[in-house]
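Chains, contacts and geometry: an overview
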Amino acid sequence: DFPHICIGKPSFDSMLSWIDTNHSLSSNLAITHLVSLGHKKIAFVGGSDKDNIYRDRFLGYRLSLERNNLSPRDAYVIPTSSNLALPCPPTCILYPDDFACLGGMNMLREKGLRIPEDISIVSFDNYPYAPLITPSLTVVDIDMYSLGTRAGASLLKKIQNPEMLIQTYTALPHLIQRDSTVLHSET
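Before going into details, it helps to say that this report is about the structure given with it. No experiment lies behind these values; they were computed from the predicted model shown. (Residues numbered from 1 in each chain as written. Predicted model: local features only at pLDDT ≥ 70, side-chain atom pairs only at ≥ 80, totals over all residues. Heavy atoms only, no water.)

A separate point is the pairing of strand E3 (residues 42-45). Side chains of E3 alternate between two faces, with Ile42 and Phe44 and Ala43 and Val45 buried alike. Bridge count for E3 against strand E5 (residues 92-95) is 3 bridges, and the pairing is parallel. Considered in E5, the bridge of Phe44 is made with Leu94. In this structure, E3 lies alongside strand E4 (residues 77-78), joined through 2 bridges in parallel fashion. Directly across from Phe44, in E4, lies its bridge partner Val77. What joins E3 to E4 is helix H2 (residues 52-67), and the crossover it makes is right-handed. (Buried < 20%, exposed > 50% of the residue type's maximum accessible area, 1.4 Å probe, protein only. Helix = DSSP H or I, 4+ residues; strand = E, 2+ residues; numbered from the N terminus. Pairing = 2+ DSSP bridges. Right-handed = clockwise from strand over helix to strand, strands pointing away.)

Time to look at the sheet that holds strand E7 (residues 138-141). One key point about sheets: their strands pair by backbone hydrogen bonds, in either a parallel or an antiparallel sense. Taken in spatial order, the 6 strands of this open sheet run E4-E3-E5-E6-E7-E9, and their pairing is mixed. The open sheet has two free edges, formed respectively by E4 and strand E9 (174-176), since each of these has just one partner strand. Of the strand pairs in this sheet, strand E6 (residues 120-124) and E7 are connected by 3 bridges, and their pairing is parallel. Bridge assignment links Val122 to a residue of E7, and that residue is Thr138. Strand contacts of H2: E3, E4, E5 and E6, with the helix running at about 170 degrees to E3, the strand carrying the most contacts. (Contact = heavy atoms within 4.5 Å. Axes fitted to C-alpha atoms, helices over the stretch in contact; angles between N-to-C directions.)

Structure below.
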């Protein structure tokens, strides 16, 4: 009976109240954006299939590729960005978060690739530095502000009304296009 709210949907059946982002939709927003720019070779970097967020984002990645008549390529599902030495390299990369993206950007530059001229990149989250780095990151904003304010409001309601039933809330992500993605044409 302790008032609570979990940030992140529990990975097990429970009677917990929770708030999360639609991670599958997050990937769909990124893929839809990249396909609209002409990209067909889209890599997905990072994560463990034991992580719910990774699994949901990966599911959205695969479903969105299929909806856009693109065949998912196992070679484009990469555990870390250091594994990008592929015979047919991707034209864009979807990173799991802005920290991984920064490391990936450095690795891409070390390989002599220019962002976004040679390879476009999209990241999840929207850390405060995302618009400040060069090039500024195109991101899927998972709306942490909405999650926090909704969590606080839900917790206050639960404190004021202890009999309140389970509460869940799913924030809708949105894409913020910046300079790390550009129109791609096959050569």
